[in-house]
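# Coordinates in review
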Amino acid sequence: MSSIIQLLPDHVANQIAAGEVVQRPASVVKELLENAVDAWATEIKLIVKDAGKTLVQVIDNGKGMSVTDSRLCFERHATSKIRHAEDLFSLHTKGFRGEALASIAAIAHVELKTKQEQDELGTHLVIEGSKFTSQEVAVVPKGTSFSVKNLFFNIPARRNFLKSDTVEFRHIIDEFERVALAHANIGFILYHNGSEMFNLPTSNMRQRIVNIFGGRTNEKLVPIKEATEIVGIGGFVTKPEFAKKSRGEQFFIVNNRFIKSGYLHHAVMAAYEGLLKDGCQPAYYIYLEVPPHTIDINIHPTKTEVKFDDEHALYAILRSTIKHSLGQFNVAPVLDFDRDNNLDTPYEYETREATMPTVQVDRDFNPFADEKPVRAVASSAASWSAAPAFKKERQPAWESLYTGLSSATEEVEAMTFETEEVTGSLFNDNEVEQTVHKTYQIHKKYIVSPIKSGLLIIDQKRAHQRILYEQFLTNITVHHAASQQLLFPLLLHYSQGELALIREMREALENTGFVFAEFNHDHIVVSGLPVNVSESEVSILLEELLNDLQQEVPDSSFSQSDSIAKSMAKSLAVKTGTYMNEKEQENMVNALFACKEPDVSPFHRPTFITVSVEDLDKRFAI
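Read on for a plain summary of the structure. (Residues numbered from 1 in each chain as written. Predicted model: local features only at pLDDT ≥ 70, side-chain atom pairs only at ≥ 80, totals over all residues. Heavy atoms only, no water.)

## Describing the overall build of the protein
We apply this condition: Note on conventions: DSSP H or I runs of at least 4 residues are helices, E runs of at least 2 residues are strands, and numbering of each starts at the N terminus. Buried means the residue's accessible area, taken with a 1.4 Å probe over protein chains only, is under 20% of the maximum for its type, while exposed means over 50%, and partly exposed covers the values in between. Residue contacts follow a heavy-atom distance rule, with two residues in contact if any of their heavy atoms lie within 4.5 Å. Shrake-Rupley sampling with a 1.4 Å probe provides the accessible areas, and residues are treated as covered by the protein chains on show and by no other component.
For the protein, the helix and strand inventory stands at 16 helices and 22 strands. When the 622 residues of the protein are sorted by exposure, 41% land in the buried category. In the protein, once contacts between residues fewer than 6 apart in sequence are set aside, the share between residues at least 24 apart is 68%. With an accessible surface of roughly 38,100 Å², the protein has 53% of that area assigned to carbon and sulfur atoms.

Spelled out as structure tokens, the structure:
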């Protein structure tokens, strides 16, 4: 039998490897940004078009590459980060596998411009699907510029699986924020379709967080700090009252590398035990420094999953550090009734030197000094005698207002009125139908209504979702809805990424009844609301809407308008456990069966079931 195992060509192997490294445009952004950081850049510019499907370009002012390095960097397992296997346990760089650029070049059109500082001229390379099409000497500035165009041009199946531009750009922003948070000492700029989304100058850790997530973030932050032999912990957590339903803005950065860890997240949640509402998640920005030999990063090509040597100790230290900070800054309640708050001394006072107290003394003060002379009694009496005497007139009593009125009254029984005998009725008695209570609410969850064939049982929450969904969808696509103007406009703060999503949804939201008076770089001003939305629900409604869009909920919808209508219907629908009176129940039933598809909710769940008389008879026939 002939041999059947054969060695795959390099371009095929690169395309297979690209499936792990490059999953979407955000993966390209992550790899190129990390390479720019490893090149000791101080300014990094990211330019994106069509959510990265058309162009992803990263420009840095790092050390650049020579002509030989510019060719070698696109080969598989070619890297400048490590030399030996032992180097994997003492990593100080972002990348080390040597797969990213080879994988990107296999599935896109790549253009590279690079120059080292000591060279007069740089190198310009063009690669299409792992094939070098041109290499020229060019006049370029110091640093490196990578342009990745037409991603997945030779793998159309992968390109078809990409999500909408909104979702893909949200992933790009996530990767951009992770790298920018890990390196506050580097300036970052992000452009999308020609408009500037982020401009982050070099700053400290707290200022970088505020620049990314908006000025309102500053008042939410509680600093944490701890230094042990196992780990050094720094960063910030947020106050419990600012916790959200969604799991956004949660960052673990270990040795300047963003990671995901459900185990450490559980430690944070344990520190907040008893402080959060049900289902709420706090935001946190936690920086960990551990010895490089105690962490294993080489688990997955994305390098976001890591393994620690002593996870249990790390869990305990992180939990106690956050708990201590929440107590130190009076965020968490303290059950010590004899405790004097005046005796609390902040930790930063430990290094301060004691100063002599200063006492202000008024040397001219004399409590026994003579008081000002009082006017003599004789002169006072004389002046009173010279003054004209006046007498206070007595005000008339209130009874005088009614003097002169006749007190005579007539007996009501003696009065006569013109009457007309009712001889007939507008309706005949047999035509008047007695109103019968037709609907009932069970456990504040279901509405039961009798029908000819048996019983109709309606889920009030799902039914209301269907009613609101069709109303909002009609308002967005057909005509504008009515809006109620606010006497005092609402000021709502959001991050840059969230504001970009709201701008994309602005027209659809205005059709539902929202009125936006102002769009700023970190907040919006809402001056009008839909008729069935209260002021207290606005922030919750927009937060859940943004969360749905970020979690790729619109992928299951036909359009963005459809996803907005679904999200608003889910947020505003009557909740389970809400009491409804008879009139509300009847309106709910009538509105449900006036819908185009009354039998299912917007999320394809049944809204009602019917129980026939035959089914009831079978039950009682046992």
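## Some words on the packing of helix α11 (residues 460-477) against helix α15 (residues 582-592)
Which entries qualify depends on this criterion: Only the contacting stretch of a helix is used when fitting its axis, a line to C-alpha atoms as for every element, and angles between N-to-C directions run 0 to 180 degrees. Any angle from 65 to 115 degrees is called roughly perpendicular, while one under 35 is roughly parallel, one over 145 is roughly antiparallel, and all others are oblique. Each helix crossing is assigned a hand: it is left-handed if the near helix lies turned anticlockwise from the far helix by less than a right angle, otherwise right-handed if that turn is clockwise.
Interaxial distance between α11 and α15 falls to 9 Å at its minimum, and their mutual angle equals 55°. Of the possible angle classes, the one that applies to α11 and α15 is oblique. With respect to the hand of their crossing, α11 and α15 are arranged in left-handed fashion. For the pair formed by α11 and α15, the contact residues are Gln460, Ala463, His464, Arg466 and Ile467 on the first element and Met588, Ala591 and Leu592 on the second.

## Focus on the pairing of strand β11 (residues 250-254)
The side chains of a regular strand alternate between the sheet's two faces. Here is the rule we go by: For two strands to be treated as a pair, DSSP must find at least two bridges joining them.
Of all five residues in β11, five are buried, a share of seventy percent or more. Alternating residues of β11 divide into Gln250, Phe252 and Val254 and Phe251 and Ile253, and every residue in both groups is buried. Looking at chain direction, β11 and strand β13 (residues 284-289) are connected through five bridges and run parallel. Across the sheet, the residue bridging to Gln250 is Tyr284, located in β13. Pairing analysis gives three bridges linking β11 to strand β12 (residues 257-259), with the strands arranged antiparallel. Residue pairing for β12: Val254 is matched across the bridge by Arg257. Counting the residues that bridge the hairpin from β11 to β12 gives two residues, and of these Asn255 lies at a positive phi of roughly 50°.

## Regarding helix α6 (residues 165-182)
Test applied: What a helix is expected to span follows from its residue count: subtract one and scale by 1.5 Å.
The terminal C-alpha atoms of α6, which comprises 18 residues, lie 26 Å apart, in line with the 26 Å expected from a rise of 1.5 Å per residue. Within α6, 16 of the 18 residues are buried, which leaves it mostly tucked inside the rest of the structure.

## Quick word on the pattern of salt bridges
Spelled out, the test is: The salt bridge definition used is simple: a Lys or Arg side-chain nitrogen within 4 Å of an Asp or Glu carboxyl oxygen.
Scanning the entire structure with this criterion turns up twelve salt bridges. For the salt bridge of Lys149 with Glu111, the shortest nitrogen-to-oxygen distance reads 3.3 Å. Here the residue Lys149 occupies a position in strand β6 (residues 143-149), and Glu111 occupies one in strand β3 (residues 109-115), the gap between them amounting to 38 residues. Of the residues examined, Lys149 reaches a relative accessible area of 34% and is grouped as partly exposed.

## Quick word on unusual backbone geometry
A negative phi holds for most residues other than glycine; trans holds for most peptide bonds. Even without being a glycine, Ala51 presents a positive backbone phi close to 55°. Here Ala51 lies in the loop between β1 (43-49) and β2 (55-60). Classification of Ala51 by relative accessible area gives buried; the value is 0%. We note that Phe152 has phi near 60°; this positive angle belongs to a residue other than glycine. Among the structural elements, Phe152 can be located in the loop between β6 and α5 (156-160).

## A few points about the environment of Glu196
Inspection of the secondary structure assignment puts Glu196 in strand β8 (residues 195-200). For Glu196, a relative accessible area of 43% translates into the label partly exposed. Non-local contacts of Glu196, meaning those with residues more than four positions away in its chain, are made with Ile189, Leu190 and Tyr191.

## Some remarks on the sheet that holds β6
Strand order in the open sheet formed by eight strands is β5-β4-β3-β6-β2-β1-β7-β8, with mixed pairing between adjacent strands. This sheet does not close on itself; its edge strands, each paired only once, are β5 (131-138) and β8. This sheet shows a mean twist of 10° between the axes of neighbouring strands, independent of strand direction. Direction of pairing for β1 relative to β2: antiparallel, over a ladder of six bridges. Note that in β2 the partner of Ile44 across the bridge is Asp60. Each of β1, β2 and β6 is contacted by helix α2 (residues 25-38), which is oriented at about 10° to β2, the strand it contacts most.

## Description of the nonpolar core
Our working rule: To define a nonpolar core, start from buried Ala, Val, Leu, Ile, Met, Phe, Trp, Tyr and Cys residues and group those joined through side-chain atoms within 4.5 Å.
Grouped together as the largest cluster of nonpolar side chains are 60 residues, with contacts concentrated most on Leu32, Ile44, Leu46, Phe74, Leu181, Leu190 and Tyr285. The element contributing the most residues to this core is α6, with eight residues. Beyond its immediate sequence surroundings of up to four residues, Phe74 is in contact with Leu101, Ala102, Ala105, Val110, Leu112, Leu125, Ile127, Phe132 and Phe146. Counting 32 residues, the second largest nonpolar core, distinct from the first, contains Leu499, Met505, Leu546 and Leu572.

## Details of the sheet that holds strand β16 (residues 440-442)
Read from one edge of the open sheet, four strands run β16-β17-β18-β22, paired in antiparallel fashion. Of all the strands in the sheet, the pair left with one neighbour each is β16 and β22 (608-612). The sheet shows a mean angle of 25° between the axes of neighbouring strands, taken without regard to direction. Here strand β17 (residues 446-451) runs beside strand β18 (residues 454-459); their pairing, made up of six bridges, is antiparallel. Its bridge partner lying in β18, Ile447 is registered against Ile458. Of the strands in this sheet, β16, β17 and β18 are in contact with α11, which crosses β18 at around 70°. Where helix α16 (residues 613-620) meets the sheet, its contacts fall on β18 and β22, and the angle it forms with β22 comes to roughly 60°.

## With respect to the packing of aromatic side chains
Stated precisely, the cut-off is as follows: Pairing of aromatic side chains here covers Phe, Tyr and the six-membered ring of Trp, requires ring centres within 6.5 Å, and sorts the geometry by plane angle: under 30 degrees stacked, over 60 edge-to-face, intermediate tilted. As a reminder, the over-ring test applies to NZ of lysine and CZ of arginine, requiring each to be within 6 Å of the ring centre and within 35 degrees of the ring normal.
Tallied over the entire structure, the rule returns 13 aromatic pairs. Aromatic side chains Phe176 and Phe188 sit 5.8 Å apart centroid to centroid with 85° between the ring planes, which places their arrangement in the edge-to-face category. Separated by twelve residues along the polypeptide, Phe176 in helix α6 and Phe188 in strand β7 (residues 187-192) bring together distant segments of the chain. On the basis of an interplanar angle of 45° and a centroid distance of 4.9 Å, the ring pair of Phe252 and Tyr284 is categorised as tilted. Within this pair, whereas Phe252 is found in strand β11, its partner Tyr284 is found in strand β13, the two being separated by 32 residues in sequence. Judged by its relative accessible area of 3%, Phe252 falls in the buried class. Among the aromatic residues, ring-to-ring pairing joins Phe213, Phe251, Phe258 and Tyr285 into one connected group. The side chain of Lys63 reaches across the aromatic face of Trp40, ending 4.2 Å from its centre.

## Observations concerning the packing of α6 against helix α7 (residues 205-213)
Note the threshold: Three classes are used, and their members are as follows: Ala, Val, Leu, Ile, Met, Phe, Trp, Tyr, Cys and Pro are nonpolar, Asp, Glu, Lys and Arg are charged, and the others, Gly among them, are polar.
At a minimum axis separation of 9 Å, α6 and α7 run at an interaxial angle of 160°. With respect to each other, α6 and α7 are oriented roughly antiparallel. Viewed along their axes, α6 and α7 form a crossing whose handedness is right-handed. Residues Glu177, Ala180 and Leu181 of α6 lie in contact with α7, whose contacting residues are Arg208, Ile209, Ile212 and Phe213. Across the contact of α6 with α7, the residue classes tally to five nonpolar, no polar and two charged.

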